[in-house]
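Working through the structure, step by step
Residue strings, one per chain:
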Amino acid sequence: MIRYPYNELEFTFSSSPDETYEADFLIGLYRSMLRIRMIQEAIESRYHEDEMKTPIHLVIGQEATSVGVCAALRTTDQVYSSHRTQGNYLAKGGSLKGMMSELYCRLNGCAGSRGGSMHLLDKSVGYAGSSAIVGGSVPIATGAAFGAQYLKKDQINVVFFGDAATEEGAIWESINFAALKSLPVLYICENNFYSVCSSMEVRQPKVDIYKKAGAFGVNSCRIDGTQVLNVYEATREAVKIARSGGGPTFIESVAYRWRGHGGAGDDSASGYRDPEEVKAWQKFCPIDGLYKDLMKKNLFDETRNSSMKKEIQDEIEEAFQHAINSPNPEEKDLSTYVYSD
Amino acid sequence: MPWAEALITSKAAGQEVAEEGRVLAYVDALHEALTLALELDPKVFVLGQGVNDPRGMFGVTTDLYKKFGEDRVFDTPLSEEGLTGICAGAALNGTRPVYLHNRPDFLLLTFNQLVSHASKFHYIDNGQNNVPMVVWSAIGRGWGSGSQHSQAIQGFLLGVPGLKIIMPSTPYDAKGLMLAAIADNNPVLIFDHRWNMKAKGVVPEGIYHIPIGKGVYRRRGEDLTIVGTSHTLALALEAMEDLDKEGISADVIDLRTLKPLDEEIIFESLKKTGKILIVDTGPAMAGVCAEIGCLVAEKGFHDLRGPVRRIGLPDSPIPAGFTLEQYYFPDKDRIAKVIREMVSGA
Ligand SMILES: Cc1ncc(C[n+]2csc(CCOP(=O)(O)OP(=O)(O)O)c2C)c(N)n1
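Residues numbered from 1 in each chain as written. Chains lettered and ligands numbered in written order. Predicted model: local features only at pLDDT ≥ 70, side-chain atom pairs only at ≥ 80, totals over all residues. Heavy atoms only, no water.

The next subject is the overall build of chain B. Helix and strand counts for chain B stand at 14 helices and 14 strands. A compact globule built from 346 residues would reach a C-alpha radius of gyration of about 20 Å, and chain B, at 20 Å, matches this within 12%. Overall size of chain B, expressed as C-alpha extent along the three principal axes, is 60 × 50 × 40 Å. A buried classification covers 59% of the 346 residues belonging to chain B. When contacts within chain B are restricted to residue pairs at least 6 apart in sequence, long-range pairs at least 24 apart make up 82% of them. (Helix = DSSP H or I, 4+ residues; strand = E, 2+ residues; numbered from the N terminus. Rg over C-alpha atoms; globule rule 2.2 N^0.38 Å. Buried < 20%, exposed > 50% of the residue type's maximum accessible area, 1.4 Å probe, protein only. Contact = heavy atoms within 4.5 Å.)

Now the structure itself:
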């Protein structure tokens, strides 16, 4: 049984057909999504070696949300995530080597092996951090936005979180405060219908998530999260509002998680969702969709595609080697940075 | 006037300040600390439920917003968890929030952000970020405060790495520790006590910091060591005034800070006296008394010449009613009784 058919979804915002983009921009979006997909697949294929001793949460199927949002941001804008960090981190420009070292629990990991996959960080590109507590980074990002407003920084703060995070009270406390103070913050809810193995049906009454946010007095919309340009344009609009002092926007971006909640592979055979549902959603692949579009418009070709893939593959291999050959932390590294000077 | 308020007021009225210098009430010392911090650093802001109302958080924040504007001193929604995370996020992004609560009981709603977020970031970000924020609250007691408005929760938080916990007992300390907390680059909790708020003391003008993590002797003596903080320490000092006449003397140590804990001063005194009484405003079980007691058993065992004693709250909820409350909370006579037992070896 397909519980959440793509064709029955209603969206409140979609990209404008009249909008024209430079080829390089579109190819850049494609490359960014493809790169995330390939990195995820590479991690997945080596996860069984048990050398990446950290719980991973893959974003395969959901790449367009990370990429579309981050394409509308500046380097100085900040991004926070939930446990499902990797797509957000990479799309914002986080160092691949730093991430791989973190997954391999190395001293030179982006968080010095103190965070693991659920707590990546690359301040140099505005990837500000994440929380492994569902909903936990929503107040933090809201506070960062308050800090930006208070210090008159020209900076947007963005937080990604899942549908289940909207069942936590503190996110509504945050949205209430952000609306009250017109904070420059974007709430990006990545609705993939599942929280681990629990479907939306057993967790929430049938009220659209974006409408709940709307009730708090913030701009809100629901978009097709398999279409990167939808995500990009909705974010661009939200950024414009936030930068001009118009306050927060809540974007519910719907896309399906092709893999299990955590770890490698799809776990739908375990029975919580129908493997047919996964297959049905794979027809709406954000990467294939854009590829076909680019081909149709003659903006891209197979040769360029394969050399792009080769380039990414080399980068990934180098990052793995970097991580594997990096030193482990030592006992003396355990107790540094408990307190700040 | 409610009885508890009347008691505090009359005690303060009868209080004599022996030292030379400018005398301030405890709340006024706190008010002055916030004023100075706001003047000194534009990154500091003050928030909390009711900070701008006419009562101004017991007087701690009265009219601050008139001087510094409502961008810097502002009332908040009743969203304790959310606002704690918002303070942490604002601190991560370069500001220095000071978040005030009427009661520590309300902090129980904030543990997710306090325990799992604010106090963790510096460590899990591998030193790349810090969270300079202060969370202040005043422990209640009396006039029906009861089980949900007079809890003292410092003991619950002792085991949270990355937090600092301050519990002042004098106006001088309240000001100097507040200023030190605001200048600190970590999340710092300050637990003041409602019953200390009207106490008077000498408070120098201008900015000074009291070091976080260092205790101080309030009395020197021979028969035993008493350690504690805040209002219970004030009660222990009153008890010692009575016992003076009986020829009993004690080292009374005001720890000022519970985390980091000044172990040195405790062991220095214990070496001399061989006996220790630990007093706290919170539950005796699994809290400050238990932790210091265990520490003494572990590292000071050979200096002990009698059992470790503790005076905290019983392992039962705090009653609201006037009569039951008298039995529940330790007072100076109960503290004196335990001290006599310790000294006589009974
Ligand atoms: C407060 C809290 N409760 C439960 C968990 C366990 N948990 C981790 S991820 C997750 C699923 C969250 O689903 P959602 O927010 O929709 O994000 P998704 O995993 O789908 O990206 C759960 C329940 C947690 N980490 N934190």
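In this section: the interface of chain B and chain A. In this assembly, 44 residues from chain B lie in contact with 42 residues from chain A. Surface buried jointly by chain B and chain A totals about 3,300 Å² across both partners, of which 58% is contributed by carbon and sulfur atoms. It is Ile86, Asn93 and Tyr123 of chain B in chain B that bury the most area against chain A; as a group they hold 22% of the surface buried on that side. Between the two partners, chain B and chain A, sit 0 salt bridges. Summed over the shared surface of chain B and chain A, the result is 23 residue pairs in polar contact (both at pLDDT 80 or more). Sorting the residues of the side of chain B that touches chain A by element identifies β2 (44-48), α4 (80-92), α5 (111-118) and α6 (121-124) of chain B as the ones contributing at least two each. Grouping the constituent residues of the side of chain B that touches chain A by class yields 16 nonpolar, 20 polar and 8 charged. (Buried area = accessible area lost by both parts, 1.4 Å probe. Salt bridge = Lys/Arg side-chain N within 4 Å of Asp/Glu carboxyl O. Polar contact = N/O pair within 3.5 Å; in protein donor to acceptor, adjacent residues only side chain to side chain. Nonpolar A, V, L, I, M, F, W, Y, C, P; charged D, E, K, R; others polar.)

Moving on, we get to the sheet that holds strand β8 (residues 249-254) of chain A. Residues and elements named next belong to chain A. The strand order β2-β1-β3-β4-β8-β7 describes an open sheet built from 6 strands, whose pairing is parallel. Two strands lie at the open edges of the sheet, namely β2 (127-130) and β7 (219-224), each paired on one side alone. If you compare each strand with its neighbour and ignore which way they point, the axes differ by 20° on average. Sheet strands in contact with helix α2 (residues 63-71) are β1 (78-81), β3 (157-162), β4 (185-191) and β8, and its direction is about 170° off that of β3. Of the strands in this sheet, β3, β4 and β8 touch helix α6 (residues 169-181), which is tilted by about 145° from β4. (Pairing = 2+ DSSP bridges. Axes fitted to C-alpha atoms, helices over the stretch in contact; angles between N-to-C directions.)

All names here are of chain A. Looking at the secondary structure, you find Ser81 in strand β1. On the basis of relative accessibility, which here comes to 0%, the residue Ser81 falls in the buried class. In this structure the side chain of Ser81 is engaged in a polar contact, spanning 2.6 Å, whose partner is the side chain of Tyr127. Those residues in contact with Ser81, other than ones at most four positions away along the chain, are Asn88, Tyr127, Gly129, Ser130, Ser131, Ser137 and Phe160.

Residue and element names in this part refer to chain A. The local shell around the ligand holds 15 residues, among which His83, Arg84, Ala132, Ala164 and Asn192 are the closest. The contact in question runs from a nitrogen atom of the ligand to an N or O atom on the backbone of Val134, over 3.0 Å. In this structure, an oxygen atom belonging to the ligand sits 3.5 Å away from a side-chain N or O atom of His261. Coverage of the ligand by the protein amounts to 74% of the 580 Å² it exposes when considered alone. For the shell around the ligand, the class distribution of residues is 7 nonpolar, 5 polar and 3 charged. (Near = heavy atom within 4 Å. Areas by Shrake-Rupley, 256 points an atom, 1.4 Å probe, with all protein chains shown as cover.)

All names here are of chain B. The computed volume of the largest pocket comes to approximately 1,000 Å³. If you list the elements that add at least two residues to the lining of the largest pocket, you get α1 (3-13), α9 (171-183), β8 (200-202), β9 (216-219) and α10 (230-244). Its residues placed into classes, the lining of the largest pocket shows 12 nonpolar, 6 polar and 10 charged. A domain-level breakdown of the lining of the largest pocket finds at least three residues from each of domain 1 (3-202) and domain 2 (216-344). In this model, the second largest pocket occupies a volume close to 560 Å³. (1 Å grid on protein atoms, 1.4 Å probe; cavity = no way out; pocket = protein on both sides within 12 Å on 5 of 7 lines; lining within 4 Å. Points joined across faces, edges and corners; volume = space filled by probe spheres on them. Domains from an automatic or database assignment.)

Across chain B, the average pLDDT comes to 95, with 99% of residues at or above 70. With a pTM of 0.96, the predicted complex shows an ipTM of 0.96. (pLDDT = per-residue confidence, 0-100.)

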